[in-house]
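Coordinate inspection notes
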Amino acid sequence: MKFINWVSLAIFFSNLLQLQSTTSSSNGLSQIPSKLLDLAKRQDFFDWMVSVRRRIHENPELGYEEFKTSELIRSELDKLGITYKHPLAVTGVVGYIGTGKPPFVAIRADMDALAMQEMVEWEHKSKVPGKMHACGHDAHVTMLLGAAKILQEHRDELKVVTVAKFQGGGAFNVIPDSVTIGGTFRAFSKESMTQLKQRIKEVITKQAAVQRCNATVSFLEDDKPLFPPTVNDNNLHEHFRTVAINMLGANKVHIMQPLMGSEDFSFYQEKIPGYFYFIGMQNGTQKLLKSVHNPYFEINEDVMPYGAALHASLAVTYLLEHEDQPVELLPEGKYRDEL
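Nothing here was measured: the structure is a model prediction, and the numbers come from that model.

**Remarks on unusual backbone geometry**
For the bond running from His86 to Pro87, omega is -5°, close enough to zero to count as cis. As for its placement among the helices and strands, Pro87 is situated in strand β1 (residues 83-88). Even without glycine at this site, Ala89 takes up a positive phi of about 50°. Locating Ala89 in the fold gives a position in the loop between β1 and β2 (92-97). The backbone phi angle of His293 is positive, close to 60°, even though this residue is not glycine.

**Some words on the pattern of salt bridges**
Under the definition given, this model contains 16 salt bridges. Glu121 is the partner of Lys125 in a salt bridge, and the nearest nitrogen-oxygen pair spans 2.8 Å. Salt bridges linked by common partners bring Arg53, Arg54, Asp138 and Glu301 together as one network.

**Comments concerning the packing of helix α4 (residues 137-153) against helix α9 (residues 304-322)**
Contact pair α4 / α9: the axes reach a minimum separation of 8 Å and the direction vectors enclose 50°. Relative to α9, the element α4 is oriented oblique. As for how α4 packs across α9, the hand of that crossing is right-handed. Facing α4, whose interface residues are Ala139, Thr142, Met143, Leu144, Gly146, Ala147, Ile150 and Leu151, α9 presents Met304, Gly307, Ala308, Ala309, His311, Ala312 and Val316. Residues of the contact of α4 with α9, tallied by class, amount to eleven nonpolar, four polar and no charged.

**Brief notes about the nonpolar core**
If you look at the biggest cluster of nonpolar residues, it comprises 54 residues, and the most contacted ones within it are Leu36, Phe45, Ile73, Leu145, Ile150, Phe240 and Leu310. When residues of this core are traced back to their parent elements, those giving at least two are α1 (26-40), α2 (43-58), α3 (67-80), β2, α4, α7 (234-248) and α9. Not counting chain neighbours up to four residues away, the residues in contact with Phe45 comprise Leu39, Ala40, Gly146, Lys149, Ile150 and Ala308. Among the nonpolar cores identified, the runner-up in size contains six residues, and Val105, Ile107, Ala109 and Leu144 belong to it.

**Regarding the side chain of Glu76**
Assignment of secondary structure puts Glu76 in helix α3. Ignoring any residue separated from it by four or fewer positions in sequence, one finds Glu76 in contact with Trp48, Val52, Arg55 and Leu145.

**Some remarks on the packing of aromatic side chains**
Under the counting rule described, the total for this entry stands at seven aromatic pairs. Consider the rings of Phe45 and Trp48, whose centres lie 5.7 Å apart with planes at 55°: the pair is tilted. A residue pair is termed a helical-turn pair when its members lie 3 or 4 positions apart in one helix, as Phe45 and Trp48 do in helix α2 at three residues. In terms of burial, Phe45 and Trp48 fall into one category: buried. On the basis of an interplanar angle of 70° and a centroid distance of 5.5 Å, the ring pair of Phe276 and Phe278 is categorised as edge-to-face. Grouping aromatic residues by their ring pairs yields a cluster made of Phe265, Tyr268, Phe276 and Phe278. Note that Lys149 overlies the ring of Trp48, its terminal NZ or CZ placed 4.8 Å from the centroid.

What counts as what
Residues numbered from 1 in each chain as written. Predicted model: local features only at pLDDT ≥ 70, side-chain atom pairs only at ≥ 80, totals over all residues. Heavy atoms only, no water. Helix = DSSP H or I, 4+ residues; strand = E, 2+ residues; numbered from the N terminus. Salt bridge = Lys/Arg side-chain N within 4 Å of Asp/Glu carboxyl O. Axes fitted to C-alpha atoms, helices over the stretch in contact; angles between N-to-C directions. Parallel < 35°, antiparallel > 145°, perpendicular 65-115°, else oblique. Left-handed = near helix turned anticlockwise from the far one by under 90°. Contact = heavy atoms within 4.5 Å. Nonpolar A, V, L, I, M, F, W, Y, C, P; charged D, E, K, R; others polar. Core = buried A, V, L, I, M, F, W, Y, C linked by side-chain atoms within 4.5 Å. Buried < 20%, exposed > 50% of the residue type's maximum accessible area, 1.4 Å probe, protein only. Phe/Tyr/Trp six-rings, centres within 6.5 Å; stacked < 30°, edge-to-face > 60°. Lys NZ or Arg CZ within 6 Å of the ring centre and 35° of its normal.

Structure follows, in structure tokens:
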């Protein structure tokens, strides 16, 4: 259901944030998020993001079928002068900015739509019957492209190394109109996941036996691997809080309780430190927005500059803080191309 953006950045600030070229002081780092947010809030920048998001929204494509979406992304990367690799995972795109030398930061976004009829009546409603961006992935793509645009257009000031990757997938946990016996199961740890899997099989087969029936249980692991729980890295959590508070203020940054959502970002976190966060978009002065996976789901486009600036700021400040530290290589093993 996901697609992946990799941003590897090795950054050196000078003119953009009025920092002296010989320092990346903590005071200078704290100024970066607000400066990048100012860039993302420019009217021309906002209008560009809105245009990109609406074009994607009008033409939704399901997982591993995002050929037009991938083409749009590559077109925007071409306009920005960002080199990229394509295809990966059928429709995936990996874009690169900078020298490619460590340290690296990866930023991921997803781009697939859902098999759902859009019920929102507006000028840019889905043009494809039975398909809709009801999970916000059109905005995810847009905000990532926005971060790439900020970093690319100011790369001479930033000395940035970025990689962005977009990869498709398939939505598996959408509630359908009719069902056979099946479903999903969730847990907050790998240990609980293993125990739950065993218990599900025991209960179903033994209950069937009580009724003089035979039952078999398939977890469909040959087609779709079980998603591990998504657990954020503690150090990256502190980094996120620092950057987000510097940009938005402490009263706008909240700790969420664990959710029972299924998220394949966890596969990255099994190999490298990762951080998954949410951007709120409910405006208290406007109507209450519907939740994701709903035919009436809508995006508050006013939040997109914040998402683009947060992506860019998290990457930039992380690289500045780690540019002089020794590089830790991944352990030996087999990795997918994106790793």
